[in-house]
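A closer look at the structure
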Amino acid sequence: MSAIEYSPNAWRGRDMRHMFEFDDLPADEPEKYAGHAIVVIDEFDKILCHPDYSHDWQSTMLKIMEGTDIVLFNQDDLPKIINTSGMLFILIGAFPAMKEITKSLGFGAGQRKTTRQDYVTYGMMPELLGRVPVICEYKQVTADMLVDVLKNTNSIYKEWQLRFKKVGVDFKMTDAELREMAENALNEGIGARGLVTA
């Protein structure tokens, strides 16, 4: 789910408790299974870039990550209580401005390793950061990586091939053309999502 689609009390997007409306739970005791869910929240970095609502969003998320009861209503308007204390939360983001924070100054200047304090500087509440025991950083995507994505079975390129095949056209691109698509996507600065419009 995308962090920017939810807010406390639904004043922007949907209420944050709706993050826990799991559609694919077993019919018997869904609350038991939901209480051990893995909740992946994408675009977390975009929340930190908005000081007008970032603090409220993070404060609400902190309570949820510490463990609380979320009351949801099913189709029959019957209350359903889900406790979040057993859930695993994964916060994902590109953090594009982190490069400026971690830029080294002086002789041999370059990028230094990101520290926990850098996330606080970026706008993350120290209390919320304390609930994130592991921080993983991934390398910037390269053109070679994007070419591999295009050659993957589930890529937009393979989707185009299937669509053309349905109308009797054998659609193929050379490696050079795939690379050009990958480089165009890189220039857009939005990673693999840029392959759709490249």
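For clarity, every value in this text was computed on a predicted model and none was experimentally measured.

A few words on the nonpolar core. Ranked by size, the top nonpolar core spans 32 residues in total, and within it F20, I41, W57, M61, F89, M124 and L128 carry the most contacts. Secondary structure elements with two or more residues in this core: strand 3 (38-41), helix 2 (44-48), helix 3 (51-66), strand 4 (69-73), helix 5 (116-122) and helix 6 (126-129). Here this core takes six residues from helix 3, the largest share from any one element. The contact partners of L128, leaving out residues within four places of it in the chain, are F44, Q58, M61, L62 and M65. By size, the runner-up hydrophobic cluster in this structure holds 12 residues, among which are A143, V147, I156 and M173.

Bringing the packing of aromatic side chains into the picture now. Applying the stated criterion across every chain, the model contains six aromatic pairs. A centroid spacing of 5.9 Å and a plane angle of 50° characterise the contact between F44 and W57, whose relative ring orientation is tilted. One end of the pair, F44, is in helix 2; the other, W57, is in helix 3, with 13 residues separating them in the sequence. Across the pair, exposure class does not vary: F44 and W57 are buried alike.

The end-to-end C-alpha separation of helix 3 is 23 Å, in line with the 22 Å expected for 16 residues at 1.5 Å each. Looking only at helix 3, the buried set comprises Y53, S54, W57, Q58, S59, M61, L62, I64 and M65. Trailing helix 3 by a residue or two, G67 shows a phi angle of about 115°, which is positive.

Definitions and limits used
- Residues numbered from 1 in each chain as written.
- Predicted model: local features only at pLDDT ≥ 70, side-chain atom pairs only at ≥ 80, totals over all residues.
- Heavy atoms only, no water.
- Core = buried A, V, L, I, M, F, W, Y, C linked by side-chain atoms within 4.5 Å.
- Buried < 20%, exposed > 50% of the residue type's maximum accessible area, 1.4 Å probe, protein only.
- Helix = DSSP H or I, 4+ residues; strand = E, 2+ residues; numbered from the N terminus.
- Contact = heavy atoms within 4.5 Å.
- Phe/Tyr/Trp six-rings, centres within 6.5 Å; stacked < 30°, edge-to-face > 60°.
- Expected span 1.5 Å × (residues − 1).

Geometry only, nothing functional implied.
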